[in-house]
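So you can see what is in the structure, the chains are spelled out below.
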Amino acid sequence: MISERRSAILDLIINHYLRTGEPMGSKTLCHLLPYSVSSATIRNEMAYLSELGFLEQRHTSGGRVPSKASYRYYVDNLMTEQEISDYDRQRINDTLSVNSGDPERLLADAARLLAEHTHCASFYCTLEDPADCIQGVDLIPAGNSKAMLVMLTTGSKIKSSLINMPCAIDDEFRFAFYNVINRFFIGTPLADVNLALIQGAAGVAMERIFDLLPALTSLCSLCAEALESKLVLENETNLLSHTELGTEVYRLLSFLTEREQLISLIKSFSESQTSRALFIGDENPIYEMKNTATVISKYTYGNNQKAAVGIVGSMRIDYSTIIPKVRYITDTVESLLSKEAQYE
């Protein structure tokens, strides 16, 4: 901890920079401090804070700006969180309650809310689970020789596909279809659903196997899709308004588009003991994110399914407003996922 006066000076400089992006000099600080201090004394205090690594001076005659290290000190020791309005709380609750029974859509809604309320890029990610199995499959006629194939996994993933059918979905077809599904697919791990499994079902389906093939091959594709880790970004263009990033924003956007490294970070974080983390600057383990502030919240739900939501912004985000909103949104998601698990 640093002295009360140095804390006050650091707090004023950081808050000024977060609002304006401009450095602050000793003369301005003289007028803002609640007690009388000379410019020379303030300059000495600013020099000391610079030695500690909390302040930087971009130009010899210019004022000071916060360093990467100072943001962590600010968040942990100086920041006063802003209250979330009742209106925002209600809007968040109403939005998240719509898809509370569908974990993936709930996570997608949370990511959109995070982007809206933080003006950062946001994301949600569902992680692969080799133990996930098929819980149910249904085939719904959709007219014009089409049908909707719907699959539910034990990990609460819902996948669907519209397929062309080579025959009518009559009672005889339904009997053959659900007989094969129940004998070969229900309870089968997603990773084990493949063409070899379909070939094994041919002996049961007999001559109807050719009528069943479109649905069964589509089911294979749905299982492969459900098995993969999935990362979805929301409102990446919000980062273009984060002027502190400068031209680095284009490199960051390119990095986020590739997705793989961010998925790796989320996988690594999912194994930690922390449910939510804020990485500021060099705390980010990925080089391309060293100039960002990144928040990740992780979840475990259903049959040990793992997922995460989060935001990525510049280090000059409004921490005092954004952190409470991120916490409220992510905590609400946690509560809804827990309620859903109780009803399973």
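Refer to the structure printed above.
As the structure is a computational prediction, the values presented were derived from the model and not from experiment.

Basis of the calculations
- Residues numbered from 1 in each chain as written.
- Predicted model: local features only at pLDDT ≥ 70, side-chain atom pairs only at ≥ 80, totals over all residues.
- Heavy atoms only, no water.
- Helix = DSSP H or I, 4+ residues; strand = E, 2+ residues; numbered from the N terminus.
- Rg over C-alpha atoms; globule rule 2.2 N^0.38 Å.
- Buried < 20%, exposed > 50% of the residue type's maximum accessible area, 1.4 Å probe, protein only.
- Areas by Shrake-Rupley, 256 points an atom, 1.4 Å probe, with all protein chains shown as cover.
- Lys, Arg positive; Asp, Glu negative; His and termini not counted.
- Charge placed at Lys NZ, Arg CZ, Asp CG, Glu CD.
- Pairing = 2+ DSSP bridges.
- Axes fitted to C-alpha atoms, helices over the stretch in contact; angles between N-to-C directions.
- Contact = heavy atoms within 4.5 Å.
- Salt bridge = Lys/Arg side-chain N within 4 Å of Asp/Glu carboxyl O.
- Polar contact = N/O pair within 3.5 Å; in protein donor to acceptor, adjacent residues only side chain to side chain.
- Phe/Tyr/Trp six-rings, centres within 6.5 Å; stacked < 30°, edge-to-face > 60°.
- Core = buried A, V, L, I, M, F, W, Y, C linked by side-chain atoms within 4.5 Å.

K.L.:
Is there a simple way to think about the overall build of the protein in this case?
P.N.:
The helix and strand tally for the protein stands at 12 helices and 10 strands. Since a compact globule built from 344 residues should have a radius of gyration of about 20 Å, the 27 Å found for the protein marks it as more spread out than a globular shape. A burial count over the protein gives 48% of its 344 residues as buried. Total accessible area computed for the protein in this model is approximately 16700 Å², and 49% of it derives from carbon and sulfur atoms. Here the protein carries 31 positive and 43 negative side-chain charges, and the mean point of each set is 7 Å from the other.

K.L.:
Is there a simple way to think about the sheet that holds strand E9 (residues 292–301) in this case?
P.N.:
The strands that make up a sheet pair up through hydrogen bonds in the backbone, lying either parallel or antiparallel. The strand order across the open sheet built from 5 strands is E7-E3-E10-E9-E8, with neighbouring strands paired in antiparallel fashion. Across the chains shown, the open sheet's two edge strands, defined by having one partner strand only, are strand E7 (230–234) and strand E8 (276–280). Sheet twist, expressed as the average angle between the axes of neighbouring strands with direction ignored, equals 15°. Pairing between strand E3 (residues 121–126) and E7: 5 bridges, direction antiparallel. Within the sheet, the bridge partner assigned to Ser122 lies in E7 and is Glu234. Of the strands in this sheet, E3, E7, E8, E9 and strand E10 (305–314) touch helix H11 (residues 260–270), which is tilted by about 55° from E9.

K.L.:
What's the story with the pairing of E3 in this structure? I'm lost.
P.N.:
Put simply, side chains in a regular strand alternate between the two faces of the sheet. Where burial is concerned, most of E3 is hidden: 6 out of the 6 residues are buried. Burial along E3 is two-sided: the face carrying Ala121, Phe123 and Cys125 and the face carrying Ser122, Tyr124 and Thr126 are both buried. In this structure, E3 lies alongside E10, joined through 6 bridges in antiparallel fashion. Paired with Thr126 across the bridge in E10 is Ala307.

K.L.:
Help me out: how do you make sense of the sheet that holds strand E6 (residues 158–164) in this one?
P.N.:
Pairing is antiparallel across the open sheet formed by 3 strands, whose spatial order is E4-E5-E6. Each end of this open sheet is capped by a strand with a single partner; those strands are strand E4 (134–143) and E6. Looking at each pair of strands side by side, their axes are set apart by 20° on average, direction ignored. Sheet analysis places E4 next to strand E5 (residues 146–153), joined by 8 bridges and oriented antiparallel. Counterpart to Pro141 in the pairing with E5 is Ala147. Seen against the sheet, helix H7 (residues 171–185) touches E4 and E5 and runs at an angle of roughly 160° to E4.

K.L.:
Hey, could you run me through the side chain of Lys157 in this one?
P.N.:
Checked against the element boundaries, Lys157 lands in the loop between E5 and E6. Nearest to the buried, unbridged Lys157 among oppositely charged side chains is Asp132, at 4.6 Å. Within polar-contact distance, the side chain of Lys157 engages the backbone oxygen of Ala226 at 2.7 Å. Setting aside residues up to four positions removed in sequence, Lys157 forms contacts with Leu127, Asp132, Met151, Leu152, Ala226 and Gln305.

K.L.:
What should I look at first to understand the packing of aromatic side chains in this one?
P.N.:
By convention here, two paired aromatic rings are described through the distance between centres and the angle between planes. The full count for this structure, using the stated rule, is 6 aromatic pairs. For the ring pair Phe54 and Tyr73, a centre distance of 5.0 Å and an interplane angle of 35° mean the geometry is tilted. A residue pair is termed long-range when its members are at least 10 positions apart, and Phe54 in the loop between helix H3 (39–51) and strand E1 (55–56) and Tyr73 in helix H4 (residues 68–78) qualify at 19 residues. Judged by its relative accessible area of 11%, Tyr73 falls in the buried class. For the pair Phe173 and Phe177, a centre-to-centre distance of 6.1 Å together with 10° between the ring planes defines the contact as stacked. Of this pair, Phe173 and Phe177 both sit in helix H7, 4 residues apart, which is roughly one turn of the helix. No difference in accessibility class separates Phe173 from Phe177, as the two residues are buried. Each member of the aromatic cluster is reached from another via a ring pair, and the members are Tyr71, Tyr74 and Tyr319.

K.L.:
When you look at the environment of Tyr74 in this model, what are you seeing that I'm missing?
P.N.:
Tracing the backbone through its elements, the reader meets Tyr74 in helix H4. For Tyr74, a relative accessible area of 2% puts it in the buried group. For the pair Tyr74 and Ser320, spaced 246 residues apart in sequence, the C-alpha to C-alpha distance is 9.8 Å. When neighbours within four sequence positions are excluded, Tyr74 is seen to be in contact with Asp11, Ile14, Asn15, Leu18, Met79, Tyr319 and Ser320.

K.L.:
What exactly am I supposed to notice about the nonpolar core here?
P.N.:
A general tendency of soluble globular proteins is for nonpolar side chains to be buried together. Ranked by internal contacts, the top residues of the largest apolar core, which has 55 residues, are Leu10, Leu96 and Tyr319. The greatest single-element share of this core, amounting to 9 residues, is contributed by helix H12 (residues 319–343). Here Leu10 is in contact with Ile2, Leu49, Phe54, Leu55, Ser70, Tyr73 and Leu78, once residues within four sequence places are set aside. Within the second largest apolar cluster, 31 residues are counted, among which are Val137, Ile181, Leu212 and Leu216.

K.L.:
Is there a simple way to think about the pattern of salt bridges in this case?
P.N.:
Pairs can form between side chains of opposite charge whenever their charged atoms are close. If you walk through the whole model with that rule in mind, you get 21 salt bridges. With a shortest N-O distance of 3.1 Å, Arg276 and Asp331 are connected by a salt bridge. With Arg276 in strand E8 and Asp331 in helix H12, the pair connects residues that are 55 residues apart, well separated along the chain. Each of Glu104, Lys159, Glu225 and Lys230 takes part in a single network of salt bridges with overlapping partners.

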